[in-house]
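# Commentary on secondary and tertiary structure
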Amino acid sequence: MQMPTAERILVADDHPIFRDGMCRLVGGAFPRAEIVEAGNVDEVMLLAGDGAPPALFILDLMFPGVEAFTTIPSLRSQFPTSSIIIISMSDDAETIQRVMRQGADGFIGKAMPSDAMLSAIKAVRDGDTLVLVPETTSIVPPPPSQPRSQELTPRQRDVLSQLAMGRTNKEIGRQLDISPFTVRIHVSALLRILGAHTRSEAATKANAMGLQ
């Protein structure tokens with residue numbers, strides 16, 4: 001009897017050589033996953049809706065039909081439990097900040113080596129939010145004004161407090177009696193609200209807010 005695949009991962013890039021390489025890289029790291037390929041946004045939407053929602057989108061920013069102001073928010077709205085990673089040659093600070101604000105969970109520069117890309121992909125799939133670009137890229141820091149704990153919802157405060165204790169998504173889920181997917185949605189939202197790129201940055205901000 002054939003075992004069901006654990007998850008679907010959608011890789012979208014209009015360059016067939018890069019797309020094939022990324023599929024091989026991701027397929028080797030997630031051997032039980034079904035790797036789905038797309039060459040434009042129409043294919044992304046068609047394939048994403050055909051079957052179980054993808055656990056992970058790996059999406060090139062500069063390919064036919066992609067518009068960060070509409071495509072990323074649309075994917076985030078339609079597939080709230082999916083992780084979204086943008087991979088692009090355009091890794092300037094303005095582009096990165098725009099992409100992350102629109103709902104992406106990760107941004108990876110195409111100039112990064114494959115082993116670093118894979119580590120970042122695994123981290124995002126495990127619930128982290130991060131930006132991985134060459135050290136020469138300047139990232140604009142978040143605005144100095146940060147939300148107070150009262151401006152977060154009660155559930156966001158609960159999740160942030162657990163995150164500050166260093167707990168994983170599964171541990172947070174067990175503690176708060178919610179699913180790991182729900183935890184990931186809250187963590188992604190918190191990182192965007194706090195202007196943090198990683199869980200450790202969010203934990204530092206949580207401590208500053210007195211949440212621990």
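Residues numbered from 1 in each chain as written. Predicted model: local features only at pLDDT ≥ 70, side-chain atom pairs only at ≥ 80, totals over all residues. Heavy atoms only, no water.

Between two packed helices, what matters for the description is the angle formed by their axes and the separation of those axes. Helix α7 (residues 169–176) packs onto helix α6 (residues 154–164) with a crossing angle of 130 degrees between their chain directions and a minimal axis gap of 10 Å. One element, α6, and the other, α7, form an angle in the oblique class. Where α6 crosses over α7, the handedness of that crossing is right-handed. On α7, the residues that touch Arg-155, Asp-158, Val-159, Gln-162 and Leu-163 of α6 are Ile-172, Gln-175 and Leu-176. Of the residues belonging to the contact of α6 with α7, the class tally is four nonpolar, two polar and two charged. (Axes fitted to C-alpha atoms, helices over the stretch in contact; angles between N-to-C directions. Helix = DSSP H or I, 4+ residues; strand = E, 2+ residues; numbered from the N terminus. Parallel < 35°, antiparallel > 145°, perpendicular 65-115°, else oblique. Left-handed = near helix turned anticlockwise from the far one by under 90°. Contact = heavy atoms within 4.5 Å. Nonpolar A, V, L, I, M, F, W, Y, C, P; charged D, E, K, R; others polar.)

All right, on to the pairing of strand β1 (residues 8–12) then. Of all five residues that make up β1, five are buried, and the element is covered over most of its length. Where burial is concerned, the two faces of β1 agree: the one with Arg-8, Leu-10 and Ala-12 and the one with Ile-9 and Val-11 are both buried. Viewed along the sheet, the connection from β1 through helix α1 (residues 16–29) into strand β2 (residues 34–38) turns out right-handed. Pairing between β1 and strand β3 (residues 56–60): four bridges, direction parallel. (Buried < 20%, exposed > 50% of the residue type's maximum accessible area, 1.4 Å probe, protein only. Right-handed = clockwise from strand over helix to strand, strands pointing away. Pairing = 2+ DSSP bridges.)

Tracing the backbone shows Arg-19 in helix α1. For Arg-19, a relative accessible area of 16% puts it in the buried group. Beyond its immediate sequence surroundings of up to four residues, Arg-19 is in contact with Val-11, Asp-13, Asp-14, Glu-37, Ala-38 and Gly-39.

Attention now goes to the sheet that holds β3. The six strands lie next to each other as β2-β1-β3-β4-β5-β6, forming an open sheet whose pairing is parallel. Each edge of the open sheet carries a strand with a single partner, namely β2 and β6 (130–132). Sheet twist, expressed as the average angle between the axes of neighbouring strands with direction ignored, equals 15 degrees. Summarising the sheet, β3 and strand β4 (residues 83–88) pair through five bridges and their orientation is parallel. Of the residues in β4, the one forming a bridge with Asp-60 is Ile-87. Together, β4, β5 (106–109) and β6 form the strand contacts of helix α4 (residues 93–101), whose direction differs from that of β5 by roughly 150 degrees.

What follows concerns the pattern of salt bridges. On inspection of all chains with the given rule, the structure shows eight salt bridges. For Asp-105, the salt bridge identified is with Arg-76, shortest N-O distance 2.7 Å. Of this pair, Asp-105 sits in the loop between α4 and β5 while Arg-76 sits in helix α3 (residues 71–78); the two residues are 29 residues apart in sequence, bridging distant segments of the chain. (Salt bridge = Lys/Arg side-chain N within 4 Å of Asp/Glu carboxyl O.)

On to unusual backbone geometry, then. At Asp-177, a residue that is not glycine, the phi angle is positive and equals roughly 60 degrees. Checked against the element boundaries, Asp-177 lands in the loop between α7 and α8 (180–194). Given the relative accessible area of 70%, Asp-177 is considered exposed.

Another point: the nonpolar core. Counting residues in each nonpolar core, the largest one holds 23 residues, and the members touching the most others are Leu-10, Val-44, Phe-57, Leu-59 and Ile-86. Elements supplying a minimum of two residues to this core: β1, β2, α2 (41–48), β3, α3, β4 and α4. Residues contacting Val-44, with those up to four places away along its chain left out, are Leu-10, Ala-12, Ala-38, Phe-57, Leu-59, Phe-63 and Leu-75. Residues Ile-58, Ala-120, Val-124 and Leu-130 belong to the second largest nonpolar core, which totals 20 residues. (Core = buried A, V, L, I, M, F, W, Y, C linked by side-chain atoms within 4.5 Å.)

Further remarks concern α3. Considered for burial, the residues of α3 that qualify are Thr-71, Ile-72, Leu-75 and Arg-76. Across the axial projection of α3, the buried residues extend over an arc of 130 degrees, all falling on one side. Along its buried surface, α3 packs onto α2, β3, β4 and α4. (Arc of directions from axis to C-beta.)

So, about the pairing of β4. Counting buried positions along β4 yields six of six residues, so the element is predominantly enclosed. The side-chain alternation of β4 yields two buried faces, one formed by Ser-83, Ile-85 and Ile-87 and the other by Ile-84, Ile-86 and Ser-88. Where β4 meets β5, four bridges bridge the pair, whose relative direction is parallel. Bridged to Ser-88 within β5 is Gly-109. For the segment spanning β4, α4 and β5, crossover handedness is right-handed.

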